[in-house]
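Observations on the three-dimensional arrangement
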Amino acid sequence: MQILRDIASAREFIRAQKRGSKSIGLVPTMGALHQGHLSLVSRCAAENDVAVASIFVNPIQFNNPGDLAKYPRTLERDVELLTSAECSAVFCPSSEEMYNTQPLISISFGALDKILEGEFRPGHFSGVGIVVAKLFNILQPDAAYFGQKDYQQFLIVQQLVHDLSFPLNLVCADIVREPDGLAMSSRNQRLSPEQRKQAAMLFQVLSETKAHLGKRPLSQLKSEATQKLSTVGIRLEYLELAARENLSILLEYNSDIASLLLIAAFVGEVRLIDNLFV
Ligand code: PAF
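Presented here is an overview of the structure given in this document. (Residues numbered from 1 in each chain as written. Predicted model: local features only at pLDDT ≥ 70, side-chain atom pairs only at ≥ 80, totals over all residues. Heavy atoms only, no water.)

Regarding the environment of Leu-168
Locating Leu-168 in the fold gives a position in the loop between helix 8 (151-163) and strand 6 (169-173). A residue is classified by how much of its surface remains accessible, and Leu-168, at 14% relative accessible area, is buried. The spacing of Leu-168 and Ala-144 is 24 residues in sequence and 7.2 Å in space, taken between C-alpha atoms. Those residues in contact with Leu-168 that sit more than four places away from it in its chain are Phe-136, Pro-141, Asp-142, Ala-143, Ala-144 and Val-161. (Helix = DSSP H or I, 4+ residues; strand = E, 2+ residues; numbered from the N terminus. Buried < 20%, exposed > 50% of the residue type's maximum accessible area, 1.4 Å probe, protein only. Contact = heavy atoms within 4.5 Å.)

What follows is the structure, encoded as structure tokens:
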């Protein structure tokens, strides 16, 4: 596997692949890889001639400096995992390489970045949009793979691809879960053993709420969820039902609208998100 640490060598690698008419798939990540990432890489390798992963903890998408400082960084292990997942190359630039000056642009995604994650993490999606656009420009993928766990991020990237006419196919892959239902996330590494057990409650709450949709008022289901989580000290930030197409918030279940439940909560000081299609 090629390790590409700067933009010039990444461009050279990509040019060589394109000269050989190879299709390129990209899995953008922030590292601390888990089985969820590796399943994206395996799918990317199966569907493209060349699978490229990027590992970059993007400072401009963190609205909380503490969260950025504590984000797990495990590059050596990540490289080993990618090598065994048939990844052809990893692009792992430094912050200085990606941002030799602080970007002056910001990207607005209309209503989509004002709700849910956008409401609680101001500036987050502008930072995601900028780094993903840079990665697409540098690595020129024919296809890019994202996980459904960050469903709002997927819609943001879909809008970016549409508005900026990136010539690529976007794939949203299913959430990979631990045996107790917890969605795999790099942030899970920061949980204590006790918190790790409690964190499975996010998926339980999503599943129970889904099971009762349309049978009890949504407001009641939300207060039951808040209460259940608070008994083990988990602080719910939001639990919402929204349309899959554009994430407009639904006040009540409607079987005619394809929807999903989305949750964000703090387990200790670790903020986790998850969702479930309805
Ligand atoms: O989902 C992530 O890991 C990040 O938000 C992404 C897409 C790699 C951009 O930094």
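Quick look at the pairing of strand 7 (residues 235-243)
Consecutive side chains of a regular strand alternate in pointing toward one face of the sheet and then the other. Of all 9 residues in strand 7, 7 are buried; the element is thus mostly enclosed. Alignment of strand 7 against strand 9 (residues 259-267), held across 8 bridges, turns out to be antiparallel. Bridge pairing in strand 9 places Ala-243 opposite Ser-259. Both strand 7 and strand 8 (residues 249-250) contribute to a ladder of 2 bridges, which runs antiparallel. Across the sheet, Leu-241 pairs through a bridge with Leu-250, a residue of strand 8. (Pairing = 2+ DSSP bridges.)

Section: the packing of aromatic side chains
Across all of its chains, the model carries 5 aromatic pairs by this definition. For the ring pair Phe-62 and Tyr-71, a centre distance of 5.7 Å and an interplane angle of 75 degrees mean the geometry is edge-to-face. With relative accessibility at 11%, the residue Phe-62 sits in the buried group. On the basis of an interplanar angle of 85 degrees and a centroid distance of 5.6 Å, the ring pair of Tyr-151 and Phe-277 is categorised as edge-to-face. Highlighted residues: Tyr-151 in helix 8 and Phe-277 in strand 10 (residues 270-277), separated in sequence by 126 residues. (Phe/Tyr/Trp six-rings, centres within 6.5 Å; stacked < 30°, edge-to-face > 60°.)

What about the sheet that holds strand 2 (residues 24-29)?
Ordered by their spatial adjacency, 6 strands build an open sheet running 1-4-3-2-5-6, and the pairing between neighbours is parallel. Strands at the two margins of the open sheet, each flanked by one partner only, are strand 1 (2-4) and strand 6. With direction set aside, neighbouring strand axes in the sheet form an average angle of 25 degrees. In the sheet, strand 3 (residues 50-55) pairs with strand 4 (residues 89-91) via 3 bridges, with the strands oriented parallel. (Axes fitted to C-alpha atoms, helices over the stretch in contact; angles between N-to-C directions.)

Observations concerning the pairing of strand 2
The buried fraction of strand 2 is high, at 6 of 6 residues. As defined by bridge partners, strand 2 adjoins strand 3 across 6 bridges and the pair is classed as parallel. Bridge assignment links Pro-28 to a residue of strand 3, and that residue is Ser-54. Tracing the backbone out of strand 2, into helix 2 (residues 35-47) and back to the parallel element strand 3 gives a crossover that is right-handed. Pairing between strand 2 and strand 5 (residues 143-147): 2 bridges, direction parallel. Considered in strand 5, the bridge of Gly-25 is made with Ala-143. (Right-handed = clockwise from strand over helix to strand, strands pointing away.)

Here's the deal with the layout of surface pockets
Rolled over the atoms, a probe sized like a water molecule indicates the empty space that remains. The computed volume of the second largest pocket comes to approximately 190 Å³. Every residue lining the second largest pocket is counted, 16 residues in all, and those nearest its centre are Ile-55, Phe-56, Val-57, Arg-73 and Pro-93. A breakdown of the residues in the lining of the second largest pocket according to their chemical character gives 11 nonpolar, 3 polar and 2 charged. (1 Å grid on protein atoms, 1.4 Å probe; cavity = no way out; pocket = protein on both sides within 12 Å on 5 of 7 lines; lining within 4 Å. Points joined across faces, edges and corners; volume = space filled by probe spheres on them. Nonpolar A, V, L, I, M, F, W, Y, C, P; charged D, E, K, R; others polar.)

Concerning the site of the ligand
Contacts to the ligand come from Pro-28, Thr-29, Met-30, Asn-58, Gln-61, Val-131, Phe-146 and Gln-153. Within the side chain of Gln-61, one N or O atom sits 2.6 Å away from an oxygen atom of the ligand. A distance of 2.6 Å separates an oxygen atom of the ligand from a polar side-chain atom of Gln-153. For the ligand, the protein covers 89% of the area, taking 290 Å² as the surface of the free molecule. Within the shell around the ligand, the residues separate by chemical class into 4 nonpolar, 4 polar and no charged. (Near = heavy atom within 4 Å. Polar contact = N/O pair within 3.5 Å; in protein donor to acceptor, adjacent residues only side chain to side chain. Areas by Shrake-Rupley, 256 points an atom, 1.4 Å probe, with all protein chains shown as cover.)

Remarks on the side chain of Ser-126
Tracing the chain through its elements places Ser-126 in helix 7 (residues 124-139). Residue Ser-126 is classed as buried on the basis of its relative accessible area of 13%. Here Ser-126 is in contact with Ser-106 and Ile-107, once residues within four sequence places are set aside.

Remarks on the packing of helix 7 against helix 8
At a minimum axis distance of 10 Å, the contact between helix 7 and helix 8 shows a crossing angle of 55 degrees. Relative to helix 8, helix 7 is oriented oblique. Here helix 7 runs over helix 8; the crossing is right-handed. Every residue of helix 8 that contacts helix 7 at Phe-125, Val-128, Gly-129, Val-132, Ala-133 and Phe-136 is listed here: Gln-152, Gln-153, Ile-156, Val-157, Leu-160 and Val-161. Looking at the contact of helix 7 with helix 8 residue by residue, the class counts come to 9 nonpolar, 3 polar and no charged. (Parallel < 35°, antiparallel > 145°, perpendicular 65-115°, else oblique. Left-handed = near helix turned anticlockwise from the far one by under 90°.)

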